[in-house]
Amino acid sequence: MDSIPIKNFPLQTTLLIKRSFLMKIRELRKYYNLSMPKLYAKFPYKKKVSLTSFKNNLEVEYPCYIRLDVLFHICKTLTIPLRVLERAIIAYRTKKSRIIIRNPTIPIKVSPIFYMLIAHLMGDGGFIRFKTKKTIYSGYRQYNEILRRSFLDKAEYVFGNLSFPRDYISKSTRIYLPECVSLILMDYVNYPTEKFLSRKARIPEKFFKANRMYLVALLTAFIIDKGNVDSGQICIRLINKKLITDLAEICKRLGYDSTIGKRSPSGMYNFYILQEGLKKYWKDYKQLKRQYVFLTMNYKEEALQKFIQRKKKFYRIEGMNVNKNTVVKLLKRELLSAKEIAYALRISRQGAKYHLDILMRLGIVKRVRARRGFNYALVKDINFKETKVSHLNTSL
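Everything numeric in this text was worked out from a predicted model, so none of it was measured.

Q: Looking at this structure, I do not really get the nonpolar core. What am I missing?
A: Looking at soluble globular proteins, one finds that nonpolar side chains tend to be buried together. Ile17, Phe54, Tyr92, Phe114, Phe159, Leu219 and Tyr281 are the most contacted members of the largest nonpolar core, which totals 112 residues. Membership of the second largest hydrophobic core comes to 17 residues, among which are Ala338, Leu345, Ala352 and Val365.

Now the structure itself:
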């Protein structure tokens, strides 16, 4: 597994260091007979840091956030290995940042979850440079609160505890990652900010060479942000055809059946993971989730699970008018959408709509406008003559 050590952190990072490490610096200074002015004399960034500030950074009695370039200089001069510095870090941030990363994981492990964070920023996020500031932040938009919290879980798994206000996730639909974290993500892929925009985003070339679980994680992030599960397949809808072809290449490497649809009049492209590919993906996703138990796709995961359960029925019941009578019985009780009827019948949504269209033509069912889309209501109670045939499900 690749990792990002402290030497690859942005230079504007500031660190809160354990008192024992500051004491070690004091002891080594005495050992090498180095006063503060002597230690400061070889410091390469004197224009940015005055001697007074340099001294204050190293006060044992009043620990504060210390500039990373100052610590690099001290470690080099006093021959302190950087891995010792990594173990001494309590927290880090960029100067004046309100969001602090506490109990950090350093070096940062480039796990499948790290790949997911980058994919999320391409799918429903991006990088923001505010007009009044020089800083860069990454932001992720998600209207589903459970999936917002899941994004934060991933960020904390990779970097450490992020000190967001308690009600931040519940009140805001956009999560802004702190500048230091944003720069680490951006530097790893070596992309400018515009390469995360929806029309210009591309999967980094080195990502294609990653092992299976990394590619599954990458694909899962796009399914969460841009995917839809329906009629036994996953559809990912994007405006960027090159990014669609990147996802198709990932599916090819994973052995998933997939296809790219034609460009729609609105300029969007549909990428489909077909039924057999969906079954393979579900197995891989479950393996990924066993490794990272906090992962969730929320309602999309439920839709995938219901499809798999439907395909695992040991017996399938077929025959004339069986499903039509079941639809009538369901609509006797309440108004239902085509999707809800499909779940009840354990068939695809397209299959449910097929039966509903027949019933509508016969005047037995009508469609009524709902708050979102349409529901179906019973007009006339009727019982069709049935002929049932049960047989083993050969699609398992």
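Q: Mind showing me how you'd approach helix α1 (residues 19–31) here?
A: Along an α-helix, a turn takes 3.6 residues, which lines up residues three or four apart on a common side. Spanning 13 residues, α1 covers 19 Å between terminal C-alpha atoms, matching the ideal 18 Å at 1.5 Å per step. Inspection of α1 places Phe21, Leu22, Ile25, Leu28 and Arg29 among the buried residues, and these make up the whole buried set. On an axial view of α1, the arc spanned by its buried residues comes to 120°, and they lie on one face. Facing away from the buried side of α1, by more than 90 degrees, are the exposed residues Arg19, Ser20, Glu27, Lys30 and Tyr31. The secondary structure elements touched by the buried residues of α1 are β2 (13–17), α2 (36–41), β3 (65–67), α4 (68–77) and α5 (82–87). Note on α1: the residue one or two positions beyond its end, Asn33, has a positive phi of about 55°.

Q: What should I look at first to understand the side chain of Asp246 in this one?
A: Of note, Asp246 is situated in helix α11 (residues 241–254). Under the relative-accessibility criterion, Asp246 is labelled buried at 6%. In this structure the side chain of Asp246 is engaged in a polar contact, spanning 3.0 Å, whose partner is the backbone nitrogen of Ile203. In contact with Asp246, not counting residues within four places along its chain, are Arg202, Ile203 and Phe208.

Q: Would you mind showing me how to read the pattern of salt bridges here?
A: Oppositely charged side chains can form a pair if their charged atoms are brought close together. Here the structure, examined in full by the defined rule, presents ten salt bridges. Of the charged contacts, one joins Lys289 and Glu301 as a salt bridge, the two residues approaching to 2.6 Å between their closest N and O atoms. Taken as a pair, Lys289 in helix α12 (residues 275–291) and Glu301 in helix α13 (residues 299–311) lie far apart in primary sequence, twelve residues in all. With relative accessibility at 12%, the residue Glu301 sits in the buried group.

Q: Can you walk me through the pairing of β2 in this structure?
A: When a strand is regular, its side chains alternate between the sheet's two faces. Most of β2 is tucked away, with four of its five residues classed as buried. Of the strand pairs in this sheet, β2 and strand β4 (residues 89–94) are connected by five bridges, and their pairing is antiparallel. Looking at the pairing, Leu16 lines up with Ala91 of β4.

Q: What exactly am I supposed to notice about the sheet that holds strand β12 (residues 233–238) here?
A: In a beta sheet, neighbouring strands pair by backbone hydrogen bonds and run either parallel or antiparallel. The strand order across the open sheet built from four strands is β11-β12-β14-β13, with neighbouring strands paired in antiparallel fashion. With one partner strand each, in any of the chains shown, β11 (227–230) and β13 (258–260) form the two edges of the open sheet. Adjacent strand axes in the sheet meet at a mean angle of 20° when their direction is disregarded. With five bridges connecting them, β12 and strand β14 (residues 269–273) associate as antiparallel partners. Bridge pairing in β14 links Arg237 to Asn270.

Q: Would you mind showing me how to read the packing of aromatic side chains here?
A: Two aromatic rings are characterised by how far apart their centres lie and by the angle between their planes. Overall, the coordinates contain 21 aromatic pairs when judged by the stated rule. Between Phe43 and Tyr45, the ring centres sit 5.8 Å apart and the planes meet at 70°, which makes this aromatic pair edge-to-face. An aromatic cluster is present here, built from Phe114, Tyr115, Phe159, Tyr188, Phe207 and Tyr214 joined pairwise through their rings. When the ring centre of Tyr191 is taken as origin, the NZ or CZ atom of Lys195, which lies over that ring, is 4.3 Å away. For Arg367, the ring lying beneath its charged end belongs to Phe374, and the centroid distance is 4.2 Å.

Q: Just checking my understanding: could you explain the sheet that holds strand β7 (residues 125–129) for this structure?
A: Ordered in space as β7-β8-β10, the three strands form an open sheet in which the pairing is antiparallel. At either end of the open sheet lies a strand with only one pairing partner, and these are β7 and β10 (174–177). Shown here is a sheet whose adjacent strand axes are inclined to one another by a mean of 30°, direction ignored. Across five bridges, the pairing between β7 and strand β8 (residues 136–141) is antiparallel. Residue pairing for β8: Phe127 is matched across the bridge by Ser138.

Q: How should I be thinking about the pairing of β11 in this particular structure?
A: For β11 and β12, the ladder comprises four bridges, and the chain directions are antiparallel. Paired with Val229 across the strands is Ile234, a residue of β12. As consecutive antiparallel partners, β11 and β12 are separated by two residues, and within that stretch Ser231 has a phi angle of approximately 55°, a positive value.

Q: What exactly am I supposed to notice about the packing of helix α14 (residues 322–333) against helix α16 (residues 349–361) here?
A: A pair of packed helices is captured by two measures, namely the crossing angle of their axes and the spacing between those axes. Axis separation between α14 and α16 bottoms out at 10 Å; the angle between their running directions is 75°. Classified by the interaxial angle, the pair formed by α14 and α16 is roughly perpendicular. Contacts between α14 and α16 involve Asn323, Lys324 and Val327 from the first element and His355, Leu356, Ile358 and Leu359 from the second. Class assignment of the residues belonging to the contact of α14 with α16 gives a composition of four nonpolar, two polar and one charged.

What counts as what
- Residues numbered from 1 in each chain as written.
- Predicted model: local features only at pLDDT ≥ 70, side-chain atom pairs only at ≥ 80, totals over all residues.
- Heavy atoms only, no water.
- Core = buried A, V, L, I, M, F, W, Y, C linked by side-chain atoms within 4.5 Å.
- Buried < 20%, exposed > 50% of the residue type's maximum accessible area, 1.4 Å probe, protein only.
- Helix = DSSP H or I, 4+ residues; strand = E, 2+ residues; numbered from the N terminus.
- Expected span 1.5 Å × (residues − 1).
- Arc of directions from axis to C-beta.
- Contact = heavy atoms within 4.5 Å.
- Polar contact = N/O pair within 3.5 Å; in protein donor to acceptor, adjacent residues only side chain to side chain.
- Salt bridge = Lys/Arg side-chain N within 4 Å of Asp/Glu carboxyl O.
- Pairing = 2+ DSSP bridges.
- Axes fitted to C-alpha atoms, helices over the stretch in contact; angles between N-to-C directions.
- Phe/Tyr/Trp six-rings, centres within 6.5 Å; stacked < 30°, edge-to-face > 60°.
- Lys NZ or Arg CZ within 6 Å of the ring centre and 35° of its normal.
- Parallel < 35°, antiparallel > 145°, perpendicular 65-115°, else oblique.
- Nonpolar A, V, L, I, M, F, W, Y, C, P; charged D, E, K, R; others polar.

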